[in-house]
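Fold and geometry: a report
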Amino acid sequence: MLLEKTFVDTITYRPGVVILYPGKSDMLYRVSSGLVRIHTMDDDGNGLTLRYVKPGQYFGEEALAGLDRQYFAEAVTDSTVDVINPALMSNEDNLEVTTHLVRTLERAYESIYRLVGKRLRARIAGELLELKDTALASQLDSGETMIYATHDELAAAVGSVRETVTKVVGELSRDGVISAGYGKITLRDETALARIAAE
């Protein structure tokens, strides 16, 4: 756990608020509660989700190396974020952040493989399973998990467009694996979803 003396501030953000823009970086950030989306834009102005940052995880790591930031960080839900001064971090703090970076890199490799090596159906299934352990998910009385995400948001996360994602979500719904409503998707059969994600 990072020592209190490294904290500059703790800030709460409403959903949709951009926390960081591309540019100079000087602070490190840790999500205390909620969910933060790291994203960028392609040459056509389409959003592309790079990763989600969950409670206990960090973003803004480029500040550790004095590099410029190349992405946006946006609160997806109500989110509380700790602002940390890298110059005040101890060796123990640095080890914690380094361990986080290694895990983030492993997840990035998995995401790249999913984007490049898997069909869209598998990418969507994998993304839904990834989101089920975030602040975008809630447990229904039936025991099923409901995820609050639009087709646009899913498209940005899986490197596709809304129309194609809507088609695949419809197929998964007809197969009984999920059910989809406006801005929400219920996971009906997580075992089947995991099998599709592995295809």
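Before reading further, recall that the structure is shown in the block above.
Every chain is numbered independently, its residues counted from 1 as its sequence is written. It should be noted that, the model being predicted, local features are given only for residues of pLDDT at least 70 and side-chain atom pairs only at 80 or more, the latter also being counted only at that level, while totals for whole chains, interfaces and linings use all residues. Think of the side-chain values as coming from all heavy atoms in the structure, minus any hydrogens and water.

**Considering the layout of surface pockets**
Computed from the structure, the largest pocket encloses a volume of approximately 590 Å³. Taken together, 24 residues make up the lining of the largest pocket; nearest its centre are Leu50, Arg51, Arg107, Ala108 and Ser111. Where the lining of the largest pocket is concerned, the elements lending two or more residues are β5 (47-53), α1 (91-117), α2 (120-131) and α3 (151-158). Comment: elements are numbered from the N terminus, with helices defined as DSSP H or I runs of at least four residues and strands as E runs of at least two. Considering each element in turn, the lining of the largest pocket owes the most residues, 10 residues, to α1. Looking at the lining of the largest pocket residue by residue, the class counts come to 12 nonpolar, 4 polar and 8 charged. For the second largest pocket, the calculated volume is near 180 Å³. Lining the second largest pocket, in full, are Asp42, Asn46, Gly47, Leu48, Asp152, Ala155, Ala156, Gly159, Ser160, Val161 and Arg162. Sorting elements by how many residues they give to the lining of the second largest pocket places α3 first, with 3 residues. Only Asp, Glu, Lys and Arg are considered charged in this grouping, and only Ala, Val, Leu, Ile, Met, Phe, Trp, Tyr, Cys and Pro are considered nonpolar; every other residue, Gly among them, is considered polar. Considering only residue class, the lining of the second largest pocket consists of 4 nonpolar, 4 polar and 3 charged. Space inside and on the surface of the protein is sampled on a 1 Å grid over the protein atoms alone, with a cavity defined as a set of points where a 1.4 Å probe fits but cannot get out and a pocket as an open set with protein on both sides within 12 Å along at least 5 of 7 lines; lining residues have an atom within 4 Å of a point. Grid points are joined across faces, edges and corners, and a volume is the space filled by probe spheres set on the points.

Read these as spatial facts, not as claims about activity.
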